[in-house]
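# Coordinate inspection notes
Listed here are the chains, written in short residue letters.
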Amino acid sequence: MTTADTIIGIDLGTTNSAVGVMEAGLPFLLADSEGQRLTPSVVHFPDDKKIPLVGRAAARMRSLRPGATVSSIKRLMGSGDNLTIDGVAHSPESISALILTKLKNDAEAALGNHVSRAVITVPAYFNDAQRAATKKAGELAGLTVERILNEPTAAALAYGLDKLKDRSKIAVYDFGGGTFDISLLELNQGVFEVLSTNGNTQLGGDDIDQALIADCHLQLADWEKRELVIQAKHRLSDAEAVEIPVPFAKDGPQIYHLTRERLEHIARPIIEQTRANCVRSLADAGLKAGELDEVILVGGSTRMPLVRKLVAEWFGKEPNLTQNPDEAVALGATIQAGILSGTVTNITLLDVTPLSLGIETAGGLMNVLIPRNSTIPLKRGEMFTTSANHQTEMVIKVLQGEREMARDNWKLGEFTIDFAPAPRGVARVGVQFEIDANGILHVLARDVATGKDRLISVTSTVNVADERVEQMIAESVEHAFDDMSERIFTEASLKAREMLVAVDNALTLLADEITAEERQQITLLTNEVIAAIANGESQRLKRANTGLDQGTQTLATLLMERALADALAKRGLV
C-alpha cells in the first residue's frame, strides 16, 4: 500500500480512543509513545496557554486542575454548546479534533509516514448533527474522513471477519463509557447488513461512576471520588470486594470499602435501562432471541460480571467474549478502512438509518421518504404539489422521527422554494432525500416547471437531548393508536374540504341543471360532512365522505358533459 492509500481506523470513544491500520491483510491497533493502544479521551488546557495536553498526560492533570481538564466531550458533540476554560470558548468539535490529532500523530510515528485519511466511528444513534460534528472534528485534525461508521457495525466486523458462518444473525451489545447501542446484523454471502439498531447516546459507564460517587461518603473532592470509584469498579470485575487506602481524606486517613454486591445493587437500575432497547431492536428486526447465532459484547462497561449475566438472561445465550471489548470497535474501523482502500475485498458493509426521515405535508402530517432501518447510502424522492390557489412558494420542513404528526417529530431544517403563481395542484415540486455513507442527509427540492433547485445538507436546528432518540421509538409505540386515529381524521378532513369546495362550485355552475330534490339531498350530505369535521369523528367523517362522493355522481357527470361540450365548441365541432 502506498502512503497515499493508507487509511487509518479510529474509535473516537467517550472514555478512551484508539487508532489502527491494516498490515498484511490483518487489522492492528497502533501504540503511542508510551506503548499503550488506548488513549484516554481527555484534554487539558494549561493555564500558560501552551499547547493542550491530550491522553494520559491530560488525565494526570485532572486531579490538579479539574476545571481545565475535559473528558467525555463526545456527549456534547453536535449540541452547539461550547465549554469556556480560562475565559476561552472551545467547541466540542475543536476539543475532539485535539484527540484525533494525537491519534493521527501517533499513527504517523508508528507507520513512519504521513496520514491524511480515516474512518471514524460513532454510536449508531448519533443523529445528523452529531455525525456532521464528528466529521468536522476529523477535518479540523487534518483528516479526510472517508466514512463515518456505526460502532456496533464496526464491532461486528471485528468479530465477524473470520468467525461467523454465512447467514449468521448477531446482536452487538455496546455499553461504553458514555453511550449504549444494540444492533442486530446478518452476514449473508459476504454482506454485513444491519437489520435494526436501537440505543441511548446518554447512557453508559459514566452513569454508574456518578452513582458510585453519590454513594461514596468519604470527605473527598468529586474528582478524587471519581478516581477512587473507577479504580474500585475495575478491580471488582475480578474480585468480590476491594479495600483502597485513602490517606488524604479531609477527616483523616480512611479505607474505601466496596463489595461487588454493593456495586451491582447501585449499577443494576442503570444497566436494566438497556433491556428495553434490546427488546425493541429484536422486534424491529422481526427476530426472537433464540434465532440469534451470536451475542457480542463491546465497550469497557461490559467487563462487569453483572452486565454479562443480564445480557445472557435477556438473550438466552452466553455472550461471545473472544474479542477485547475495549478494542473491538477500533479493529472494526480499521477493517472498514481496509475495505475502502482495497486491502480487504471479501466483505461489503451495509449500514442503516436509525430513525425515519420525511417532510411536513398539508394538515401537519409526517410524510416519510426514508423509513427507519433503511440501508444506506440511498436516495429516495417524491413529487409534491400546492394545496392553495396562486401559491408562490413551498416551505420544505425536514423531519426526523416515528410519529404520524409533524409536530411530534424533530425538525432538522427548513427552506423555501419559489415558483410562479398557479391554480392549486398545478405547481409541482420534486423532493429528494439522499443519505450518504456517513449517515448525513442531503435534501434537494426542484421546481419541475423551471428546473430551479435548492440543495442543502441538513443539520439539527433544535437542541434535543440525545436520550430522546431512544425515547422517540418508545413514544411512537405508546401513542400508535392515537397517532393513527389523528392521521386518519386529518387525511379525511383534507379530502372532505376539497370535496366541499368542489361541490359548492359545481352547484353554482349547474344551478339550472339539477332538481330541488337533488340539491336538497346534496345539502344534507354536505351538512353531515361538516358535522363530522366539527365533532372530530374519524369513522363518521369517512362514511360521510363516501356518502357525499356517491351522492354527487350525477353532479360529476353533468360537469364532465359540460366540460366536453365546451371543448367541442372551442374546436368548432358543435
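Our subject is the structure that appears above.
Right, let's walk through the structure included here. (Residues numbered from 1 in each chain as written. Predicted model: local features only at pLDDT ≥ 70, side-chain atom pairs only at ≥ 80, totals over all residues. Heavy atoms only, no water.)

## Points about the sheet that holds strand E20 (residues 365-370)
- Read across the sheet, four strands follow the order E20-E19-E23-E24 without closing on themselves; strand pairing throughout is antiparallel. Two strands close off the open sheet at either side, each with one partner strand: E20 and strand E24 (410-418). Put simply, the sheet's adjacent strands are angled 30° from each other on average, direction ignored.
- Across eight bridges, the pairing between strand E23 (residues 393-400) and E24 is antiparallel. (Pairing = 2+ DSSP bridges. Helix = DSSP H or I, 4+ residues; strand = E, 2+ residues; numbered from the N terminus. Axes fitted to C-alpha atoms, helices over the stretch in contact; angles between N-to-C directions.)

## Side note on the pairing of strand E2 (residues 16-23)
- For E2, a buried count of six out of eight residues is recorded, marking the element as mostly surrounded by other parts of the structure.
- Across three bridges, strand E1 (residues 8-11) lies against E2 in antiparallel orientation. Bridging from a neighbouring strand, aspartate 11 pairs with alanine 18 of E2.
- Hairpin connection from E1 to E2: four residues lie between these consecutive antiparallel strands.
- Both E2 and strand E4 (residues 39-40) contribute to a ladder of two bridges, which runs antiparallel. (Buried < 20%, exposed > 50% of the residue type's maximum accessible area, 1.4 Å probe, protein only.)

## Section: the packing of helix H5 (residues 205-215) against helix H6 (residues 222-235)
- Running from N to C, H5 and H6 point in directions that differ by 115°, and their axes come no closer than 9 Å. With respect to H6, the element H5 is oriented roughly perpendicular. By crossing handedness, the relation of H5 to H6 is classed as right-handed. Every residue of H6 that contacts H5 at Gly205, Asp206, Ile208, Asp209, Gln210, Leu212 and Ile213 is listed here: Asp222, Lys225, Arg226, Val229, Ile230 and Lys233.
- Residue composition of the contact of H5 with H6, by class: five nonpolar, two polar and six charged. (Parallel < 35°, antiparallel > 145°, perpendicular 65-115°, else oblique. Left-handed = near helix turned anticlockwise from the far one by under 90°. Contact = heavy atoms within 4.5 Å. Nonpolar A, V, L, I, M, F, W, Y, C, P; charged D, E, K, R; others polar.)

## A look at empty space enclosed by the protein
- Under the defined criterion, the tally for this structure stands at four cavities of 30 Å³ or more.
- Here the largest cavity defines a volume of roughly 120 Å³.
- Around the largest cavity, the lining is made up of 14 residues, and of these Asp128, Thr353, Leu357, Gln400 and Gly439 lie nearest the centre.
- Residue classes in the lining of the largest cavity are distributed as eight nonpolar, four polar and two charged. (1 Å grid on protein atoms, 1.4 Å probe; cavity = no way out; pocket = protein on both sides within 12 Å on 5 of 7 lines; lining within 4 Å. Points joined across faces, edges and corners; volume = space filled by probe spheres on them.)

## Digging into the sheet that holds strand E6 (residues 53-54)
- The strand order E6-E5-E7 describes an open sheet built from three strands, whose pairing is antiparallel. In this open sheet, the two edge strands, each paired with only one partner strand, are E6 and strand E7 (69-71).
- Summarising the sheet, strand E5 (residues 42-44) and E7 pair through three bridges and their orientation is antiparallel. Bridged to valine 43 within E7 is valine 70.

So yeah, pure geometry; function would need other evidence.
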